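Descriptive analysis of the structure
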Protein chains: 2
Amino acid sequence: MGKSLTLKIIEKKIISGDLSPTNEIAIKIDQTLTQDSTGTMAYLQLMRINPSEIKVKNALAYVDHNMLQTGFENMDDHEFIRSICKKYGITYSKPGNGVCHQLHLENFSKPGETLLGSDSHTPTCGAMGMIAIGAGGLDIATALSTGKYYFKAPHILNIKLEGELIPPASAKDVILFILKEYGVKGGIGKIIEYTGSGASSLSLTQRATICNMGAELGATTSIFETDEKTYEYLDFQGRSEDFIKLKADVDAKYDQFISVDLSSIKPMIAKPHNPDNVYEIANINGIKVNQVAIGSCTNSSYEDLTKAAAILKNKKVSEHVSLVIAPGSSSILSMLAKNGALCDLIDAGARILECGCGPCIGMGQAPNTNGVSLRTFNRNFKGRSGTDSADIYLVSPEVAAASALKGYITKDVPVFDIGIYKKPSLAMQNSGFFIRNIADKNQKIIIGPNIKELPVQSIPNENLEFNTVFIGGDNISTDDITPSDSKMLPFRSNIEYLSSFCLTRIDEDFPKRAKNNNPGLIVAGENYGQGSSREHAALTPAFLGIKAVLVKSFARIHKSNLINNGIIPLTFENPSDYEHIKMLDKIKLSDISINIGSKDSFQITINEIPTKVRLEISQRERDILLQGGFLNYISMKGENY
Amino acid sequence: MGKSLTLKIIEKKIISGDLSPTNEIAIKIDQTLTQDSTGTMAYLQLMRINPSEIKVKNALAYVDHNMLQTGFENMDDHEFIRSICKKYGITYSKPGNGVCHQLHLENFSKPGETLLGSDSHTPTCGAMGMIAIGAGGLDIATALSTGKYYFKAPHILNIKLEGELIPPASAKDVILFILKEYGVKGGIGKIIEYTGSGASSLSLTQRATICNMGAELGATTSIFETDEKTYEYLDFQGRSEDFIKLKADVDAKYDQFISVDLSSIKPMIAKPHNPDNVYEIANINGIKVNQVAIGSCTNSSYEDLTKAAAILKNKKVSEHVSLVIAPGSSSILSMLAKNGALCDLIDAGARILECGCGPCIGMGQAPNTNGVSLRTFNRNFKGRSGTDSADIYLVSPEVAAASALKGYITKDVPVFDIGIYKKPSLAMQNSGFFIRNIADKNQKIIIGPNIKELPVQSIPNENLEFNTVFIGGDNISTDDITPSDSKMLPFRSNIEYLSSFCLTRIDEDFPKRAKNNNPGLIVAGENYGQGSSREHAALTPAFLGIKAVLVKSFARIHKSNLINNGIIPLTFENPSDYEHIKMLDKIKLSDISINIGSKDSFQITINEIPTKVRLEISQRERDILLQGGFLNYISMKGENY
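Below is a short write-up of the structure. This is a predicted model, so every value here is computed, not measured. (Residues numbered from 1 in each chain as written. Chains lettered and ligands numbered in written order. Predicted model: local features only at pLDDT ≥ 70, side-chain atom pairs only at ≥ 80, totals over all residues. Heavy atoms only, no water.)

Helix and strand content of chain A: 21 helices and 27 strands. For a compact globule of 641 residues, the expected C-alpha radius of gyration is about 26 Å, and chain A comes in at 24 Å, within 12% of that figure. C-alpha atoms of chain A, sized along the principal axes, occupy 75 × 50 × 50 Å. Pairs at least 24 residues apart make up 76% of the contacts formed inside chain A by residues separated by at least 6 positions. On chain A, the mean spot of the 67 positive side-chain charges and the mean spot of the 70 negative ones are 2 Å from each other. (Helix = DSSP H or I, 4+ residues; strand = E, 2+ residues; numbered from the N terminus. Rg over C-alpha atoms; globule rule 2.2 N^0.38 Å. Contact = heavy atoms within 4.5 Å. Lys, Arg positive; Asp, Glu negative; His and termini not counted. Charge placed at Lys NZ, Arg CZ, Asp CG, Glu CD.)

Moving on to the sheet that holds strand β11 (residues 221–224) of chain B. All names here are of chain B. Pairing is parallel across the open sheet formed by four strands, whose spatial order is β11-β10-β9-β12. At either margin of the open sheet sits one strand with a lone partner, and together these are β11 and β12 (256–261). The average angle at which neighbouring strand axes cross in this sheet is 20°, direction not considered. With six bridges joining them, strand β9 (residues 155–162) and β12 adopt parallel strand pairing. Bridge pairing in β12 places N158 opposite F257. Of the strands in this sheet, β10 (190–195) and β11 touch helix α8 (residues 204–212), which is tilted by about 160° from β11. (Pairing = 2+ DSSP bridges. Axes fitted to C-alpha atoms, helices over the stretch in contact; angles between N-to-C directions.)

Looking down a regular strand, the side chains alternate between one sheet face and the other. All names here are of chain A. Where burial is concerned, the two faces of strand β6 (residues 114–117) agree: the one with T114 and L116 and the one with L115 and G117 are both buried. For strand β3 (residues 31–34) and β6, the ladder comprises three bridges, and the chain directions are parallel. Looking at β6, one finds that L33 is bridged to G117. For β6 and strand β7 (residues 131–134), the ladder comprises four bridges, and the chain directions are parallel. When the sheet's bridge partners are listed, L115 is paired in β7 with A132. (Buried < 20%, exposed > 50% of the residue type's maximum accessible area, 1.4 Å probe, protein only.)

All right, on to the sheet that holds strand β2 (residues 24–28) of chain B then. Residues and elements named next belong to chain B. Here we have three strands laid out as an open sheet, ordered β1-β2-β8, and antiparallel in their pairing. The outermost strands of the open sheet, each flanked by one partner alone, are β1 (14–16) and β8 (148–152). Averaged over neighbouring strand pairs, the angle between their axes works out to 40° when direction is ignored. For β2 and β8, the ladder comprises five bridges, and the chain directions are antiparallel. Counted as the bridge partner of A26 is Y150 from β8.

Here is the structure:
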């Protein structure tokens, strides 16, 4: 039986563990990337670990999120990251260079290598035949320090693409179609491997769009085989030597198989407020549009923007539409300038934003009240745009440009030819935006007043007593625990400040009560910690003295973040016990070394009444909890991690 | 005795009054401009006046300030202005088109005409031989409704420029030199008329830089004669038919005369925190720079940015410098893209921001803590950048670009040649950013939830009683009265919200106290209301029920704003009475129709104790106060204004 491409790469990189699905394995990490909004925390953690040297071949620190700089906090963060990069020998990408995933694809992606990034859209580089996985900042700090990443061996899902796209259908429509069919949980625990003649027909940046939005399927990552299109892309970037041909065996075994005929795909649209709320556009013509936004790590490539330019050339954006375009990289912006596409966009009335994430992460360009915004981005969650009342639709650049002209959502994309723009012979080389550093241990770290030291993790006492300081219901999200928007994002490196907003959406007195009744216990219902992977949702309760969380069930990533921050993730043995617990009840948990150290199930007391709880985690995770958190654990393990 | 150019134009436009200095005159206004941060209020006022038609030849509404859009408020304001423009037949410049003054110079400036703009840098178009004056939003609404503007006939100051600039000295250095010599009050009450062979040697955009920063001298406006350089500029813009030759008579009489030899001017720098804190750069080499910003209405022309590009070409911005460039207009951005200058800027590592005011008004790009930022802008007041601890220096684009390369402030500008960039044969025509409207009375006005109706002005009772609700010291500024920064600016059309911050920098309970003790009196010392011209500093106290202000002395513009909003501006006859007044003292002002209507000096009682006060205003202003404010007054006067 043959092997999938995924398996071939992982087998080469595996360090420990058995490659059977859901088993914990460790793989060697070749490359890491961070962006600034998660990077500040990752590098504070790296400073705490303070490795003698960086253990990955290529480490990148991008600045693409917090670039509006409405106060000192953003640039202080940039300076902090810049100085960290000099100290540890990490390549620094200055703000204005573009979006991390686009830049990484252009400049550093390499077939057959592994990439770990502190951003959920890191799988974009799967287009280059890499295993590229998004993870938390602490995972990146650990990978930088040890060269390793632990994760559960995934199922491998093969999506065989057949036929060819019929314009104006595009790569965005392919992934929207898959989201329509399989939903935002369709990829959980899976690596998606794209194969087939249809895959070969797609350009590299089209493949990148598809891998990018695999994140919306919940997939661990997505990957394409490499071929002459891969070679052409690398060659254009002046990196042909990085090419290797990678293919799955013809008789490769997969855990699951799906076939998609590209020729059957029509222009699609994700309606508010979820990326899997997808329809064929033909069904929803006639909605008036206030704003159109083209860009983001999903659809901001040279190809995407020249398509938009070709459609807009010699025409005018509708009077009532604000069209904003954020190019994916400085190199793309430069190419568009060189070949006239940029002038055509400007002449039509397109606002050219700085190269970066921008409106995709709610950093500016919030639509008007009750506005309709058509975006080429990857997420359309309610409120993410900065305007709670706005309706965000996700579409391809072709549909976005056509609708900007018409002023209404339309599937009728004019016939266009990107051949009118001559692609420059060479991408921008030797850009002033990349600072390639050699580690300098004497480099002083620049720490602005908004960047606070990480809270210290302490080894727990053998017998613990805590107070119940929060009682919540089901489905409490990481957004509830640590809000994230353009007002909060500048404070990602200030756990103290962020903690004053912890859980206040649900219980505005929580931060004060937790501080006054330290150590504390959080109690909640099902699916506690759902949503984004942000580790701040564990860091802020830890800062407020929370030592354990007792719930009916956990969301997976948040549970792991709690462990990393020394918070014991307990579940009720008998869910009905949830009903009996009251605010400020006293909790006792005895014999930590035995109960936490080895038992799936044990007894605690709630106001002296014995209650059974469960602790379902790996031995490695038990050891982390006994050390008070991951940073203590790794400093103990050192090179043996 | 011959006439100055200023006099020749004003004589053609005068409607009423006698042209002797400091006398109130009314002139015909040909053109108006607004930007969005002052425009929303101006158009709310226009709606209240609701004229049957617009009385100026050309009315422009630009959006260039609030373009970050971190919440719904900004785009709601844009939509409001867009709809107002359709209703009244005002040309709308969509966000992304660029900075109002640059755009107006390019597209609408016309020798010999008058321009009134709700922005202090409106005098920029003086470079085109116009009388271009900055004023409050209400003045614009009034000019739109009546075609008139009342102001005090100014002194005319002739600055005769001789010799020629020796590169790298530039226009920015000329105006910095004048600021060094005459200070930020050197132009108050004056129109500055530039003449001489040195003036002829300057390009039109160089002249615009000089007129622009005349605002920093406090001048009413600045003006240059027209010549073949004016013609060339207009011709390039496809508007050669707008050219007329305008010169002062050779024996023109001026109120004041200064001569400046351009060949003696060296590269200059304004050090923190005032634009007249000017030195020759030669004296201050060696300061490390964190940020360099090129742009703003002062220095963002095609010429300025190609200079920067020629200096940066094939080089790299210093590792520790963040260089940001905000082009003055979409047309300039398009030209830079066409001729390769933009690519050179990008390749060097310059961040290309959207065309607009951006960092000049603190809208983004706040420097790091204690950072040094070198800017080609017009103001470097403490905190205006968004970072209180930052040091802002003002320089020319040449010095900015050279310093960005070096990483330190330097006077050593490399020799450069902008001839390497071929100027496109035609500026951008027929841009998708301009919406030229024909008035449509049926147009619905789009009013978002943050745009609140103007408070109603009520005719005062014949006998007034009020409570003392604020007692302050000397030099209270309009910033103290109504704070303005990136957090407050989105609320310029929401007087209710802004009023909750009124005077809270000095007395945090003021808004509450004023509401609870309505009607109220504000008491303060010397120079009350100094600083910016923002009328919100009168609108917010009016909203809180303030009916009079009693101080030792007023700043001129604020006094006029108080009158327009129906607040009686009283001064102590005997300044020592200030000492006796206490919080919540009861004030009585009787026989309004006589005292306010005609008396310079009369008696009020403070807690029953008679106290003499003064009211030094024109008869027109007395009539405004008796109507409760200007909007009531003009609705009464109608066409007779």
